[in-house]
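Architecture at a glance
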Amino acid sequence: MTIKIDQEALKWFEREFDTSKPFHIRLYPQYAGFGDKNKGYSLAFSLEAPAVAAEQQELNGITFYVESNDTWFFDDTEVEIKYSDTHGEIFTNYKEHH
């Protein structure tokens, strides 16, 4: 599991979660009826501290993490979170390693 967050996406998180640093952002699968990687699931985010983080990285005062019970969604996958100027929001790319 690898998670990459580009600089523009990081700025989006700073704006979207307008709270004082440091803080934690949980990345987790959410059942949404659509999604590229696992049918019916998409990547969601929440502002909460980790219980048991399996993977985490700190960027400019924000710690992004995945809980140990959510790792199935990220197994053998490189996740890239980027910002789209066109849509004014973030999007996610998944590259699976076989």
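Above this text is the structure in question.
About the thresholds
Residues numbered from 1 in each chain as written. Predicted model: local features only at pLDDT ≥ 70, side-chain atom pairs only at ≥ 80, totals over all residues. Heavy atoms only, no water. Phe/Tyr/Trp six-rings, centres within 6.5 Å; stacked < 30°, edge-to-face > 60°. Buried < 20%, exposed > 50% of the residue type's maximum accessible area, 1.4 Å probe, protein only. Helix = DSSP H or I, 4+ residues; strand = E, 2+ residues; numbered from the N terminus. Lys NZ or Arg CZ within 6 Å of the ring centre and 35° of its normal. Pairing = 2+ DSSP bridges. Axes fitted to C-alpha atoms, helices over the stretch in contact; angles between N-to-C directions. Contact = heavy atoms within 4.5 Å.

Our focus in this paragraph is the packing of aromatic side chains. A full pass over the atoms with the stated rule returns seven aromatic pairs. Judged by centre distance (6.1 Å) and plane angle (10°), the rings of Phe13 and Phe17 are stacked. In this pair, the class of Phe13 matches that of Phe17, namely buried. Measuring from centroid to centroid gives 4.9 Å for Phe13 and Phe64, while their planes differ by 75°, and the two rings are edge-to-face. Of this pair, Phe13 sits in helix H1 (residues 7-16) while Phe64 sits in strand E5 (residues 62-67); the two residues are 51 residues apart in sequence, bridging distant segments of the chain. With relative accessibility at 0%, the residue Phe13 sits in the buried group. We classify Phe64 as buried; its relative accessible area is 3%. Site record: aromatic cluster; members linked through ring pairs are Trp12, Phe13, Phe17, Phe45 and Phe64. Across from the ring centre of Tyr28, 4.9 Å away, lies the NZ or CZ of Arg26, which sits over that ring.

As a further point, take the sheet that holds strand E6 (residues 77-84). A sheet is described by the order of its strands in space; here three strands give the open sequence E1-E6-E7, paired in mixed fashion. Only two strands of the sheet have a single partner each, and these edge strands are strand E1 (2-5) and strand E7 (89-96). The mean inter-strand angle of the sheet, taken between neighbouring strand axes irrespective of direction, is 20°. Across eight bridges, the pairing between E6 and E7 is antiparallel. Paired with Ser84 across the strands is Glu89, a residue of E7. Those strands touched by H1 are E1, E6 and E7, and its axis lies near 70° from that of E6.

What follows covers the side chain of Asp70. As for its position among the elements, Asp70 is in the loop between E5 and E6. Filtering out sequence-adjacent residues up to four positions away, Asp70 remains in contact with Arg26, Leu27, Tyr28 and Pro29.

These figures capture arrangement, not role.
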